[in-house]
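The lines below spell out each chain.
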Amino acid sequence: MAFLFVSPLCAASMALFSARVAQHVLLTLVAVPLLAAGLPRQRPPPMASALVFASLFWVWHAPQPYAAALRSDAVYWAMHLSLTGSANQLTAFAAILTLSPEAWYGWHALKAAPYGLTALEDQQLAGALMWVAGGAVFLVLVGSLARRILAEPAPGAEPSPGPRRLGRG
């Protein structure tokens, strides 16, 4: 997590929306699950957590709260702490952001130009990062969970003796 807030990525996230999205994808889809894996097993219900995250995700990415986070250190940290504490949703927002015909965040209109991007191109890149990179992380997580569920014996079933060895032994 330190890398996300004390690195060139953090500095770039103040100029490029796409860098901010890369920071948020790494935070919410990599760092948070790793933190959660280290917590005691007693966690909030998944549906309640998803609803809280979805609400916070959409609120913080509306243009006014987003701009407030760029103007104020306190609001910036409130955004990151609330998203970190509730992470887990983004595909619908990524699609809307990527396919939008106009840029939503005026802050990045001037900041993206030195990187050779218009504000709309930066926003579309950000949406694609959410959609593709975020989707890939979700796919791996869901695949891993499905594999674990399928490997568990059915309730009341005899456990499998394990794989058979071929040859001697």
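Residues numbered from 1 in each chain as written. Predicted model: local features only at pLDDT ≥ 70, side-chain atom pairs only at ≥ 80, totals over all residues. Heavy atoms only, no water.

A look at the overall build of the chain
To keep things clear, this is the line we draw: Secondary structure follows DSSP: runs of H or I at least 4 residues long count as helices, runs of E at least 2 residues long count as strands, and numbering of each begins at the N terminus. Only protein chains enter the calculation, and the probe is 1.4 Å; a residue is then buried if its accessible area is under 20% of its type maximum, exposed if over 50%, and partly exposed in between. Here the open area of atoms and residues is found with the Shrake-Rupley method and a 1.4 Å probe, where only the protein chains shown may cover a residue.
Of regular secondary structure, the chain possesses nine helices and zero strands. Reading the helices (α) and strands (β) of the chain from amino to carboxyl end gives α-α-α-α-α-α-α-α-α. Residues classed as buried in the chain amount to 34% of the 169 residues present. Carbon together with sulfur atoms contributes 69% to the accessible area of the chain, which is approximately 10600 Å² in total.

Re the packing of aromatic side chains
Stated precisely, the cut-off is as follows: Here the aromatic set is Phe, Tyr and Trp, taking the six-membered ring for Trp, and pairing holds for ring centres within 6.5 Å; pairs whose planes are under 30 degrees apart are stacked, those over 60 apart are edge-to-face, and all others are tilted. In this scheme, Lys NZ or Arg CZ marks a charge over a ring once it lies within 6 Å of the ring centre and within 35 degrees of the ring normal.
The full count for this structure, using the stated rule, is eight aromatic pairs. Note on Tyr-76 and Trp-77: the rings are 5.2 Å apart at their centroids and 90° apart in plane angle, and the pair reads as edge-to-face. The exposure class assigned to Trp-77 is partly exposed, which follows from its relative accessible area of 37%. Every member of this aromatic cluster is reached through a ring pair, and the members are Phe-17, Tyr-66, Trp-104 and Tyr-105. Lying over the aromatic face of Trp-107, Lys-111 brings its terminal NZ or CZ to 5.2 Å of the ring centre.

Brief notes about the side chain of Asp-122
To keep things clear, this is the line we draw: In this charge count, Lys and Arg are treated as positive and Asp and Glu as negative; neither His nor the chain ends contribute. Within this document, salt bridges are pairs made up of a side-chain nitrogen of Lys or Arg and a carboxyl oxygen of Asp or Glu, the two lying within 4 Å of each other. What qualifies as a polar contact is a pair of N or O atoms within 3.5 Å, subject to a donor-acceptor requirement within protein and to the restriction that residues adjacent in sequence count only when both atoms come from side chains. Here, two residues are considered to be in contact whenever any of their heavy atoms come within 4.5 Å of each other.
Locating Asp-122 in the fold gives a position in helix 9 (residues 119–151). Despite its burial, Asp-122 remains without a salt bridge, the nearest opposite charge being carried by Arg-20 at 9.9 Å. Within polar-contact distance, the side chain of Asp-122 engages the backbone nitrogen of Phe-17 at 2.6 Å. Residue contacts for Asp-122: discarding those within four places in its chain leaves Ala-15, Leu-16, Phe-17, Ser-18, His-108, Ala-112 and Leu-117.

Some words on the nonpolar core
Definition in use: Side-chain atoms within 4.5 Å link the members of a nonpolar core, which is a set of buried Ala, Val, Leu, Ile, Met, Phe, Trp, Tyr and Cys residues.
One finds Phe-17, Leu-97 and Met-130 to be the most contacted residues of the largest nonpolar core, which totals 21 residues. At the level of elements, helix 3 (17–37), helix 4 (46–60), helix 5 (63–71), helix 6 (73–86), helix 7 (91–99) and helix 9 are the ones that each hand at least two residues to this core. In terms of residues, this core owes the most to one element, helix 3, which gives five residues. Ignoring sequence-local partners within four residues, the contact set of Leu-97 consists of Phe-17, Trp-104, Tyr-105, Gln-123, Ala-126, Gly-127 and Met-130. Among the nonpolar cores identified, the runner-up in size contains twelve residues, and Ala-12, Leu-16, Leu-27 and Ala-31 belong to it.

Observations regarding the side chain of Ser-18
With respect to the helices and strands, the residue Ser-18 is situated in helix 3. The class of Ser-18 is buried, set by a relative accessible area of 6%. Leave out the neighbours within four places in its chain, and Ser-18 touches Asp-122, Leu-125, Ala-126 and Leu-129.

Considering a nonpolar patch on the surface
Convention followed: A patch is a set of surface residues, each over 30% in relative accessible area and not in a salt bridge, joined within 9 Å for like charges and within 5 Å for the nonpolar side chains Val, Leu, Ile, Met, Phe, Trp and Tyr.
Together, Phe-3, Leu-26, Val-30 and Leu-34 make up a nonpolar patch on the protein surface, roughly 380 Å² of accessible area in all. Sorting elements by how many residues they give to the nonpolar patch places helix 3 first, with three residues. Mapped onto the elements of the fold, Phe-3 is located in helix 1 (residues 2–5).

That is the geometry; function is a separate question.
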